[in-house]
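# Observations on the model geometry
Chain by chain, the residues run as shown.
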Amino acid sequence: MSDDLILGVDGGGTKMILALADKNGCILRTALGGGINPMGNPGWRTELEKYIEPFRSEKKLAGVAAALPVYGEVAHLSRLLEETIRQAFPKAQTRVLNDVDAAHLGALAGKPGILVLSGTGSMAWARNADGTPARTGGWGDVIGDEGSSYWVGRRALNLVSQSLDGRFFPTALTEAIFAYLQLDPGDPMDSLGVWATSSATRSSIAALSAVVDRAAREGDEAAIGLFELAADELAKHYRAVAGHCEPEADWTYAGGTFRSSTLLKALEHRIGRPAAAPRLSPIGGALLAAARLLDWPIDDGWIGHVAASSQAAFAQ
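Predicted, not measured: the structure shown is a model, and the values here were computed from it.

### Some words on the overall build of the protein chain
- Counting its regular elements, the protein chain contains 12 helices and nine strands.
- Seen through its principal axes, the protein chain has C-alpha atoms that stretch 65 × 45 × 35 Å.
- Nonlocal contacts in the protein chain, meaning residues at least 24 apart in sequence, comprise 65% of its contacts between residues at least 6 apart.
- About 14,800 Å² of surface is accessible on the protein chain, with carbon and sulfur atoms providing 51% of the total.
- In the protein chain, 29 positive and 36 negative side-chain charges are present, and the distance between their average locations comes to 5 Å.

Right under this line is the structure:
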């Protein structure tokens with residue numbers, strides 16, 4: 001049995017995960033870092049190099065797959081991403097791929113099908129039986145990312161402001177969001193306004209989707225309505241790429257917004273069939289891409305080992 005090792009990197013807008021694994025699919029070492037989206041983080045390269053540095057001295061490292069945001073979307077940034085990984089690991093085989101491509105590889109264990117992603121951003125990624133990919137969405141929060149956590153959080157804040165003004169009916173979201181943000185409800189315009197203009201970030205607004213989910217599970221109509229609207233938008237993503245695959249191709253999901261069963265059930269209803277449960281997380285997809293670089297044999301047992309090892313390594 002070869003003692004070669006592989007490194008998977010799963011980079012996103014709000015966090016980065018790294019995992020070193022052996023040929024059995026067992027994760028040996030991990031690291032967590034900050035967001036590295038080159039479109040919104042001018043310090044992305046410093047952050048990436050900081051967290052891959054400890055793995056550069058690993059003498060048995062033979063394959064590296066880095067799943068990174070924006071790759072394949074903006075030409076000059078894609079070249080910089082490739083250069084960063086290649087220079088960091090000159091003795092290993094390396095591959096850079098889009099972070100959503102890796103999420104697709106992991107969730108469907110390398111099989112064809114459709115992935116609907118809803119995290120801080122949103123996108124759908126399809127791969128047909130020939131291995132040809134297609135995608136829709138991923139335009140960023142200024143002009144896109146419909147149905148994402150940020151999109152849900154932003155609209156929740158809008159409903160709260162309308163409710164406070166009397167332009168929208170009372171909603172449990174108001175008390176829930178003020179409590180979550182530790183804001184003074186006695187002077188809502190001052191406290192929420194100051195937070196929105198001085199403290200709010202893309203990731204902190206996206207985090208409000210979890211507050212919306214709790215309110216939805218407790219029956220708040222406004223919160224339920226937000227997830228219904230999010231499902232409408234994500235269904236559009238799905239339909240835009242569905243024709244790229246065979247009609248019976250599986251579809252699955254990835255991203256933190258899908259921690260909400262309300263959202264998942266609403267999307268399944270719109271698509272007309274249940275989602276296939278994701279086989280691997282996005283970091284598992286990056287490891288799968290690295291294993292393929294080395295032509296390692298991949299079977300259900302290997303996938304199972306990666307899944308179990310990932311769950312144990314990243315248990316909260």
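### Topic: the UniProt feature "domain: ATPase BadF/BadG/BcrA/BcrD type" (unreviewed entry) in the protein chain
- Following the UniProt record, one finds the feature "domain: ATPase BadF/BadG/BcrA/BcrD type" (unreviewed entry) at residues 7-289.
- Secondary structure content for residues 7-289 is 45% helix and 19% strand, and the end C-alpha separation is 10 Å.

### Points about the pattern of salt bridges
- Counted by the stated rule, this structure contains 16 salt bridges.
- Between Arg95 and Asp101 there is a salt bridge whose closest N-O contact spans 3.7 Å.
- The salt bridge partner of Lys236 is Glu233, with a shortest N-O separation of 3.5 Å. Of this pair, Lys236 and Glu233 both sit in helix 9 (residues 221-242), three residues apart, roughly one helical turn.

### What to know about the sheet that holds strand 7 (residues 122-127)
- Overall, mixed pairing links the four strands, which are arranged 8-7-6-9 in an open sheet. Edge positions in the sheet fall to strand 8 (133-137) and strand 9 (251-254), since each of these pairs with one other strand and no more. Each neighbouring strand pair of the sheet contributes to a mean axis angle of 20°, computed without reference to strand direction.
- The strands touched by helix 3 (residues 99-107) within the sheet are strand 6 (113-118), strand 7 and strand 9, with strand 7 carrying the most contacts at an inclination of about 60°.

### Let's talk about the side chain of Gln162
- Relative to the helices and strands, Gln162 resides in helix 4 (residues 149-165).
- Judged by relative accessible area, which is 18%, Gln162 ranks as buried.
- Ignoring anything within four residues of it in the chain, the contact list for Gln162 reads Arg167 and Phe168.

### Regarding the side chain of Ser260
- Position of Ser260 relative to the elements: it lies in the loop between strand 9 and helix 10 (261-271).
- Setting aside residues no more than four positions away along its own chain, Ser260 makes contact with Asp213 and Phe227.

### Structural notes on the sheet that holds strand 2 (residues 15-21)
- Strand order in the open sheet formed by five strands is 3-2-1-4-5, and the pairing between neighbours is mixed. Only two strands of the sheet have a single neighbouring strand rather than two, namely strand 3 (27-34) and strand 5 (93-98). Strand-to-strand twist of the sheet, defined as the mean angle between neighbouring strand axes without regard to direction, takes the value 15°.
- Where helix 2 (residues 75-88) meets the sheet, it contacts strand 4 (61-68) and strand 5, and its direction lies at approximately 150° from that of strand 5.
- The sheet strands contacting helix 3 are strand 1 (5-11), strand 4 and strand 5, and the helix crosses strand 5 at an angle near 100°.

### Here's the deal with helix 6 (residues 188-199)
- Compared with the 16 Å implied by 1.5 Å per residue over 12 residues, the 15 Å span of helix 6 between its first and last C-alpha is a close match.
- Taken as a whole, helix 6 has its buried residues at Ser191, Leu192 and Trp195. The buried side chains of helix 6 occupy one side of the element, clustering within an arc of 90° when seen end-on. Structural note: helix 6 exposes Met189, Thr197 and Ser198 on the side pointing more than 90 degrees away from its buried face.
- Packing partners of the buried residues in helix 6 comprise helix 4, helix 5 (172-181), helix 7 (202-206) and helix 8 (208-217).

### Quick look at the nonpolar core
- If you look at the biggest cluster of nonpolar residues, it comprises 46 residues, and the most contacted ones within it are Leu173, Trp251 and Leu267.
- Counting residues per element, this core draws most heavily on helix 9, which supplies 10 residues.
- If sequence neighbours within four positions are ignored, Leu173 has contacts with Ala156, Val160, Val212, Ala215, Asp220, Ala222, Ala223 and Leu226.

### With respect to helix 4
- Taking 1.5 Å per residue as the helical rise, helix 4 with its 17 residues ought to reach 24 Å, and the 24 Å between its terminal C-alpha atoms agrees with that figure.
- On its buried face, helix 4 is in contact with strand 6, helix 5, helix 6, helix 7, helix 8 and helix 9.
- Within two residues after helix 4, Gly166 carries a phi angle of roughly 85°, on the positive side.

Rules of the game
- Residue numbers here run from 1 along each chain, matching the order of that chain's written sequence.
- Where local features are concerned, this predicted model is filtered to residues with pLDDT of at least 70; where side-chain atom pairs are given and counted, the filter is 80 or more; whole-chain, interface and lining totals use all residues.
- Hydrogens and waters are ignored; side-chain quantities use all the structure's heavy atoms.
- Helix numbering and strand numbering both begin at the N terminus, where a helix is a DSSP run of H or I of at least 4 residues and a strand a DSSP run of E of at least 2.
- Any pair of residues with heavy atoms lying within 4.5 Å of one another is described as a contacting pair.
- Each accessible area is a Shrake-Rupley estimate made with a 1.4 Å probe; only the visible protein chains count as cover when residues are assessed.
- The sign given to each residue is positive for Lys and Arg and negative for Asp and Glu; His and the chain ends receive no count.
- Throughout, a charge is located at the NZ atom of Lys, the CZ atom of Arg, the CG atom of Asp or the CD atom of Glu.
- UniProt positions are given in the numbering used here, feature names are shortened, and annotations may be inferred rather than shown by experiment.
- Whenever a carboxyl oxygen of Asp or Glu lies within 4 Å of a side-chain nitrogen of Lys or Arg, that contact is scored as a salt bridge.
- Note on pairing: two strands pair once DSSP finds at least 2 bridges between them.
- To get an axis, fit a line to the C-alpha atoms, keeping to the stretch in contact for a helix; angles then go from 0 to 180 degrees between the N-to-C directions.
- Throughout this description, buried means an accessible area under 20% of the type-specific maximum (1.4 Å probe, protein chains only), exposed means over 50%, and partly exposed covers the range between.
- Helix span, expected: 1.5 Å multiplied by one less than the number of residues in the helix.
- Read the arc as the range of directions from the helix axis to the C-beta atoms.
- For this analysis, a nonpolar core means a set of buried residues of the types Ala, Val, Leu, Ile, Met, Phe, Trp, Tyr and Cys, connected via side-chain atoms within 4.5 Å.

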